[in-house]
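Next come the chains, spelled out residue by residue.
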Amino acid sequence: MAKIIAVANSKGGVGKTTICRNIALACHINKEKTLALDCDPQKSLEKFFCTRAERLDAIELDCDVKTEATGLKRDILHRSEKFNRVIIDVGGRDSVAMRQVLMAAGVVIIPTTTGQESTDALEQMINAVEDARGVNEDLQAYILINMAPSDPHDTTANITAEGLATLYENRAVVLDTRLKHRKAWLQSGYDGLAIWEVPSKGESKAAGEFENLIKEFVKKEIL
Amino acid sequence: MTKSGPKFRIPEKEEKQPRPTTEAGVLARSAEVISSGKKKTGRKPKKEPCRGITLSLPVTMIEALDDLASEKTADNRSYALIGVIRGKYKLDEKVHESE
């Protein structure tokens, strides 16, 4: 049975699509039969895979768009029968589509930034997860701190992580890995690249951080 | 003087509700559905009374109605007049004396 992983947050601009496409590509290179499903009306995930397909002149993994909320849960479960991993990108608002995805998924990754607006908005998202657990009891929720300050002396990400872990204890797990604000993420979007494919002078810090995230996913049996 | 630096302010907690037990219940709690519901249940505008009716009243009564309107009915003389007709408001006794 496929693992269905949603990347969702009712707050926009927290990096959902960027994380989603890299998780999907990581699953693909790990030889998992992967479906990337775009449930965001902006269709950013689909656009990325179109850019990538043009660049590579090939389609690596299935990317589909489903923005119609009606029957979405049933549709996801039906499609997941043919895959090992289904990675879903959801639009940044508390929509019916987001709720349908939460009822179908086994895991939801909730990216958030360290900004006060993002942490304030998390309450609504965690409540949506709690609602979904009413019919999807085993839904696991993980908070991922994204776009953390890249200054190694900055403690904002640590303070935010500790605060969120205390606040949402028993409702969501704050992941140990943090993704930092780095130019490589923007570059990957422009060029249709996975984060580890972005050219770098030395060892790519962004790629290293993402690799750590995937390792943590494997360790926690998320992927 | 307050110390500057990174802080974590606890977000305002929403009132905790019991988990819904049906799919329809989960969907009904989405902000999208709640906000669309509010639009549908908006109050209808009240009809303006006495539209198209012209009343000929003594100046003293009109002045008294103006006073009453500004005091009790947000400057709507028609409402004030209806209030007087229905016995809700009484005009100043001086008005009656001058009649």
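Please refer to the structure higher up on the page.
Residues numbered from 1 in each chain as written. Chains lettered and ligands numbered in written order. Predicted model: local features only at pLDDT ≥ 70, side-chain atom pairs only at ≥ 80, totals over all residues. Heavy atoms only, no water.

**A look at the interface of chain B and chain A**
Put simply, the rule reads: Only heavy atoms enter the contact rule, under which two residues are in contact if any of them lie within 4.5 Å. By buried area we mean the combined loss of accessible area, with a 1.4 Å probe, across both parts when two parts are placed together. Whenever Lys or Arg places a side-chain nitrogen within 4 Å of a carboxyl oxygen from Asp or Glu, that contact is recorded as a salt bridge.
Every contact between the two is made by 21 residues of chain B and, on the other side, 29 residues of chain A. Regarding the contact of chain B and chain A, the summed buried area is about 2,300 Å², with carbon and sulfur atoms giving 59% of it. Connecting chain B to chain A are four salt bridges. The salt bridge involving Arg93(A) is made with Glu32(B); its shortest N-O contact spans 3.0 Å.

**Comments concerning the environment of Asp120(A)**
What counts is decided by this rule: A run of H or I in DSSP counts as a helix once it spans at least four residues, and a run of E counts as a strand once it spans at least two, with each numbered from the N terminus.
Note on placement: Asp120(A) falls in helix 5 (residues 116-133). Taking the C-alpha atoms as reference points, Asp120(A) and Asn30(A), separated by 90 residues in sequence, lie 36 Å from one another. With near-sequence residues (within four places) excluded, Asp120(A) lies in contact with Arg9(B) and Pro11(B).

**A word on the side chain of Thr34(A)**
Residues and elements named next belong to chain A. The condition that has to hold: Here a polar contact is taken to be a pair of N or O atoms separated by no more than 3.5 Å, where protein atoms must pair a possible hydrogen donor with a possible acceptor and residues adjacent in sequence count only if both atoms sit in side chains.
Residue placement: Thr34 occurs in strand 2 (residues 34-39). Of the polar contacts made by the side chain of Thr34, one reaches the backbone oxygen of Glu32; its length is 2.9 Å. The residues contacting Thr34, other than those within four sequence positions of it, are Ala24, Cys27, His28, Leu61, Asp62, Phe83, Arg85 and Ile87.

**Concerning the pairing of strand 7 (residues 173-180) of chain A**
All names here are of chain A. Threshold: Following DSSP output, two strands are said to pair if at least two bridges run between them. Convention used here: a crossover is right-handed provided that the path from the first strand, over the helix, to the second strand proceeds clockwise when the strands point away from the viewer.
Across four bridges, the pairing between strand 6 (residues 140-148) and strand 7 is parallel. Across the sheet, Ile143 pairs through a bridge with Val174, a residue of strand 7. A crossover connection joins strand 6 to the parallel strand 7 through helix 6 (residues 156-167); in handedness this β-α-β unit is right-handed.

**Here we look at the sheet that holds strand 4 (residues 85-90) of chain A**
The pairing of strands in a sheet happens through backbone hydrogen bonds and is either parallel or antiparallel. All names here are of chain A. Short version of the rule: The axes are straight lines fitted to the C-alpha atoms, using for helices just the contacting stretch, and the angles between their N-to-C directions are given from 0 to 180°.
The sheet built from seven strands is open, its strands ordered 3-2-4-1-5-6-7 with parallel pairing. Taken across any chain shown, the strands that pair with only one partner, and hence form the sheet edges, are strand 3 (62-65) and strand 7. Within this sheet the neighbouring strands show an average axis-to-axis angle of 20°, counted without direction. As defined by bridge partners, strand 1 (residues 3-7) adjoins strand 4 across five bridges and the pair is classed as parallel.

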